[in-house]
Amino acid sequence: MIYTNFREIDKAGRIVISKDIRKHLNINPGDYLHIEANDECITIKKAENKCVFCNSVDNLILFEGKHICKTCLDKLKS
Ligand SMILES: [Zn+2]
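Caption draft 1: Summary view of the pairing of strand β3 (residues 60–63). The sheet contact formed by β3 and strand β4 (residues 66–69) spans 4 bridges and is antiparallel. When the bridges of β4 are listed, L60 appears paired with C69. Where β3 folds back on β4, the antiparallel hairpin that results is connected by 2 residues, among which E64 adopts a positive phi of roughly 50 degrees.

Here it is, written out as structure tokens:
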């Protein structure tokens, strides 16, 4: 099933993801989304992988089956 919406972006750069899409993808308040852009479009995906310590989705490293971000890994090392 494909969901299509037209949404206005507000002054702070926010958009609303419709309830239908959030329900379809099981996106809940507090979930992280991965946003990727190229020259023509923006892709938003539910972030399944996040740091076990800080919930960051950036610069993840898989260790013993768990994801750790580089920032937390550097903190662990020091
Ligand atoms: Zn982290």
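Let us keep going from here.
Caption draft 2: Inspection of the domain arrangement of the chain at higher detail. What the domain assignment reports for the chain is domain 1 (1–47) and domain 2 (49–78). Distance between the C-alpha centres of domain 1 and domain 2: 24 Å.

Caption draft 3: Seen up close, the environment of I15. Checked against the element boundaries, I15 lands in the segment before α1 (19–24). Excluding residues within four positions of it along the chain, I15 makes contact with R7 and I9.

Criteria and cut-off values
- Residues numbered from 1 in each chain as written.
- Predicted model: local features only at pLDDT ≥ 70, side-chain atom pairs only at ≥ 80, totals over all residues.
- Pairing = 2+ DSSP bridges.
- Helix = DSSP H or I, 4+ residues; strand = E, 2+ residues; numbered from the N terminus.
- Domains from an automatic or database assignment.
- Contact = placed C-beta atoms within 7 Å.

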